[in-house]
Structures are given as C-alpha cells and as structure tokens.
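Listed here are the chains, written in short residue letters.
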Amino acid sequence: MGGSTYHSFLELAEACDIPTRCSCRTGVWSACETGIVAGTVAYRPDPIEPPPVGNVLVCCSHPQADLVLDL
Ligand code: FES
C-alpha cells in the first residue's frame, strides 16, 4: 500500500473485494473499527476519537510498517 494508489486500508480492502464495515469513511463514527494482529498505523486525517489500543479505524489509516489486521 506504500504508494499513492490507495488512501486508506478501506480503499485497499474494497479494491480486493475484502468485506469490511464502514459508514462515514472519515473517522467519525468508528464503524470500521478493526483489530490489529501485528504492526502499527498512522492516521490521515486523525479520527474524531481514536479507537482503543489494539484496534484501528481502517477508513482513515495507513501502515507504518508491515501490518496484519483481523478483517
Ligand atoms: S467508516 Fe466511519 S470511522 Fe471509519
């Protein structure tokens, strides 16, 4: 995902036909909250309320290194 093709995990998952939960797509309602198995993420834009440690909002995040999600 490191290139500029996808702006978030959500866009990548949709392009790969991986089912995800989403609604606002902007980090507002936390509908896309997903577990992180390994790795860390950064947000752009920052969500209104960050998810608990160990979870990620896939609509507005991108990996900082290798990442495994519990989709
Ligand atoms: S889809 Fe709403 S917070 Fe991600």
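Details of the structure are given in the entry above.
Just so you know, these numbers come straight off a predicted model, no measurement behind them.

Procedures and definitions
- Residues numbered from 1 in each chain as written.
- Predicted model: local features only at pLDDT ≥ 70, side-chain atom pairs only at ≥ 80, totals over all residues.
- Heavy atoms only, no water.
- Helix = DSSP H or I, 4+ residues; strand = E, 2+ residues; numbered from the N terminus.
- Contact = heavy atoms within 4.5 Å.
- Pairing = 2+ DSSP bridges.
- Axes fitted to C-alpha atoms, helices over the stretch in contact; angles between N-to-C directions.
- Buried < 20%, exposed > 50% of the residue type's maximum accessible area, 1.4 Å probe, protein only.
- Polar contact = N/O pair within 3.5 Å; in protein donor to acceptor, adjacent residues only side chain to side chain.

1. Brief notes about the environment of Ile18
Line of reasoning, step 1. Mapped onto the secondary structure, Ile18 falls in the loop between α1 (9-15) and β1 (33-38).
Line of reasoning, step 2. Put simply, Ile18 and Leu71 are 53 residues apart on the chain and 8.0 Å apart in space, counted from C-alpha to C-alpha.
Line of reasoning, step 3. With near-sequence residues (within four places) excluded, Ile18 lies in contact with Ala13 and Leu71.

2. A few points about the sheet that holds strand β3 (residues 55-57)
Line of reasoning, step 1. Across the sheet, which stays open at both edges, the three strands sit in the order β3-β1-β5 with antiparallel pairing between neighbours. If you trace the sheet from one side to the other, it starts and ends with β3 and β5 (68-70), each paired once. Shown here is a sheet whose adjacent strand axes are inclined to one another by a mean of 45°, direction ignored.

3. Some words on the environment of Ala13
Line of reasoning, step 1. Take Ala13: it is sitting in helix α1.
Line of reasoning, step 2. For Ala13 and Cys59, which are 46 residues apart along the polypeptide, the C-alpha to C-alpha distance reads 9.9 Å.
Line of reasoning, step 3. When near neighbours in sequence (up to four residues on either side) are disregarded, Ala13 contacts Ile18 and Thr20.

4. Some words on unusual backbone geometry
Phi is mostly negative for residues that are not glycine, and the peptide bonds are mostly trans.
Line of reasoning, step 1. Each neighbour pair has its own omega, and for Arg44 with Pro45 the value is 0°, a cis peptide bond.
Line of reasoning, step 2. Look at Asp17: it is not a glycine, yet its phi comes out positive at around 60°.
Line of reasoning, step 3. Residues other than glycine seldom take positive phi values, yet Ser30 does so here, at roughly 65°.
Line of reasoning, step 4. Its place among the elements puts Ser30 in the loop between α1 and β1.

5. Description of the side chain of Thr34
Line of reasoning, step 1. Examined against the element boundaries, Thr34 turns out to sit in strand β1.
Line of reasoning, step 2. For Thr34, a relative accessible area of 6% gives the class buried.
Line of reasoning, step 3. Among all residues touching Thr34, those that are not within four sequence positions of it are Arg21, Gly54, Asn55, Val56, Val58, Leu69, Asp70 and Leu71.

6. Some points on the environment of Glu33
Line of reasoning, step 1. Along the polypeptide, Glu33 turns up in strand β1.
Line of reasoning, step 2. Measuring from C-alpha to C-alpha, the distance between Glu33 and Phe9 comes to 11 Å, with 24 residues separating the pair along the chain.
Line of reasoning, step 3. Residue contacts for Glu33: discarding those within four places in its chain leaves Arg21, Pro51, Pro52, Asn55, Val56 and Leu57.
Line of reasoning, step 4. Of the polar contacts made by the side chain of Glu33, one reaches the side chain of Asn55; its length is 2.6 Å.

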